[in-house]
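Chains, contacts and geometry: an overview
This is what each chain is made of:
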Amino acid sequence: MSEKKVIAVVGATGAQGGGLVRAILSDPDHPFVARAITRDVNSVKAKELAALGAEVVAGDVDDPESLRRAFEGAYGAYCVTFFWDHFSPEKELAQARAMAEAAKDAGVKHVVWSTLEDTRKWVPLSDDRMPTLMEKYKVPHFDAKGEADQIFTSLGVPTTFLLTSFYWDNFIGFGMGPARGADGKLAITLPIGNAKLPGIAAEDIGRSAYGIFKKGAALIGKRVGIAGDHLSGNEMAAAFANLLGEEVRYNAVDPSVYRSFGFPGADDLGNMFQFKRDFEDDFRSVRPVDETRALNPSLQSFSDWLRTNRERIPLPA
Ligand SMILES: NC(=O)c1ccc[n+]([C@@H]2O[C@H](COP(=O)([O-])OP(=O)(O)OC[C@H]3O[C@@H](n4cnc5c(N)ncnc54)[C@H](OP(=O)(O)O)[C@@H]3O)[C@@H](O)[C@H]2O)c1
């Protein structure tokens, strides 16, 4: 029987978990075994992970029993929730609790919990700088993750709290990339004023989490923030211009304008960007690029990420 330590990875067919599974499997020293958790072990993505060498097991964060089975015998567990699949902070809290309880029951030695700030510690509900959403949140997809931190702590689960950053992949998959305005000019639109935005290649989140598992006990109980670059809207626009060979402007809108864009989650994201703008120092200082690179030596800068993804970023018509 293998004596290697198993890391059970929630969200293994997705961005964060997928990056971690690939990082585990590509380490030539192979100190860990990747256990990929998926709701469908027969999906194309699940089979791809199996072909790369991952152990693929069934598990659903809405089904605590399935998580217990999936975490059984594991040394480590990567825990992440999927806000944009359901838009429910309460569901995220329940899923976080289910993962924390399963990790405790299985005696997991090191959990990495993918979290974000509970922005209500900076902007209480009574503060009308930004609207309260869903009755008790300012940034619902941040606040529930931050609130869930104490579930891991109070259950005594040995946890590293991983503070992730804005995925640059949103410029491709989330419709945030350069678009032509009425004047025919390309622009990226963000409500962050002159603030610099910590960002990261989604793949680097899992790679950084892998660095945390390799460091082990030293990072249990710690909060570890990660980013590949901190860039202003103008700097990101300039990098796009350089890539596309055409002028790209930064269209700095007010968060209230962004909230009114009307796509699902626009109010949540408008508040999120306002939080990152208004509390720029607090938000950036906990996401140091140098320390992220120490965990993940192949960390990509924004320019690296743009070059790697050139084919996925077509010049808009
Ligand atoms: N976009 C950003 O800029 C950003 C930045 C920081 C943090 N985040 C956070 O990242 C989280 C999402 O992580 P991600 O981007 O890695 O997700 P993702 O790429 O959308 O992947 C989701 C994967 O999770 C699995 N999944 C979904 N529901 C599940 C369930 N009930 N039980 C078990 N597995 C389930 C799915 O796998 P199967 O279908 O195989 O089960 C899917 O492949 C969100 O909560 C978001 O707030 C996003």
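Heads up: the structure comes first, above all this text.
The text that follows walks through the structure, step by step, so that each part is easy to find. (Residues numbered from 1 in each chain as written. Predicted model: local features only at pLDDT ≥ 70, side-chain atom pairs only at ≥ 80, totals over all residues. Heavy atoms only, no water.)

This part covers the side chain of S114. Looking at the element boundaries, S114 is found in strand β5 (residues 110-115). Looking at S114, its side chain comes within polar contact range of the side chain of Q16, at 2.7 Å. Aside from chain neighbours lying at most four places away, what touches S114 is Q16, Y78, C79, V80, K145, L162 and T164. (Helix = DSSP H or I, 4+ residues; strand = E, 2+ residues; numbered from the N terminus. Polar contact = N/O pair within 3.5 Å; in protein donor to acceptor, adjacent residues only side chain to side chain. Contact = heavy atoms within 4.5 Å.)

Size it by volume and the largest pocket reaches roughly 1,100 Å³. Residue lining of the largest pocket: 45 residues in total, with T81, F82, F83, W84 and Y167 positioned closest to the centre. If you list the elements that add at least two residues to the lining of the largest pocket, you get α1 (15-26), β2 (32-38), α4 (83-86), α5 (89-106), α6 (140-154), β7 (166-167), α7 (170-173) and α11 (266-278). A total of 4 residues in the lining of the largest pocket trace back to one element, the largest contributor, which is α4. (1 Å grid on protein atoms, 1.4 Å probe; cavity = no way out; pocket = protein on both sides within 12 Å on 5 of 7 lines; lining within 4 Å. Points joined across faces, edges and corners; volume = space filled by probe spheres on them.)

Time to look at the environment of I188. Here I188 lies in strand β9 (residues 186-190). On the accessibility criterion, I188 (0% relative accessible area) is buried. I188 sits 45 residues away from D143 along the chain, and the two C-alpha atoms are 26 Å apart. The contacts of I188, once residues within four sequence positions are left out, are F171, M176, G177, P178, G233, M236, A237, F240, V248, R249, Y250 and N251. (Buried < 20%, exposed > 50% of the residue type's maximum accessible area, 1.4 Å probe, protein only.)

What follows is about the pairing of β5. Taking burial as the measure, the 6 residues of β5 include 6 buried ones, the bulk of the element. Covered by surrounding structure in β5 are H110, V112 and S114 together with V111, W113 and T115, the residues of both alternating faces. By the bridge criterion, 4 bridges tie strand β4 (residues 76-79) to β5 in an arrangement that is parallel. Among the inter-strand pairings, Y78 is bridged to a residue of β5, identified as V112. Where β5 meets strand β6 (residues 159-163), 5 bridges bridge the pair, whose relative direction is parallel. Within β6, the position partnered with V112 by the bridge is T160. (Pairing = 2+ DSSP bridges.)

Attention now goes to the pattern of salt bridges. By the definition in use, this model includes 24 salt bridges. In this structure, E203 engages R22 in a salt bridge whose closest nitrogen and oxygen atoms are separated by 2.8 Å. Taken together, the residues span a long stretch of sequence, with E203 in helix α8 (residues 202-215) and R22 in helix α1 at a distance of 181 residues. The network of salt bridges with shared partners includes D118, R120, D143 and E147. (Salt bridge = Lys/Arg side-chain N within 4 Å of Asp/Glu carboxyl O.)

Quick look at the site of the ligand now. Taken together, 25 residues form the shell around the ligand, and within it T13, T38, T81, K145 and Y167 come nearest. Residue G14 places a main-chain N or O atom 3.4 Å away from an oxygen atom belonging to the ligand. Residue V61 places a main-chain N or O atom 2.9 Å away from a nitrogen atom belonging to the ligand. Surface burial for the ligand is 83%, taken as the share of its 930 Å² of free accessible area covered by protein chains. Comparing atom positions with the cavity grids shows the ligand to sit within the largest pocket. Put simply, the parts of the chain that give the shell around the ligand at least two residues each are α1, α4, α6 and β7. Here the element with the most residues in the shell around the ligand is α4; it accounts for 3 residues. Residues belonging to the shell around the ligand are distributed by class as follows: 8 nonpolar, 11 polar and 6 charged. (Near = heavy atom within 4 Å. Areas by Shrake-Rupley, 256 points an atom, 1.4 Å probe, with all protein chains shown as cover. Sits in = over half its atoms within 2 Å of the grid points. Nonpolar A, V, L, I, M, F, W, Y, C, P; charged D, E, K, R; others polar.)

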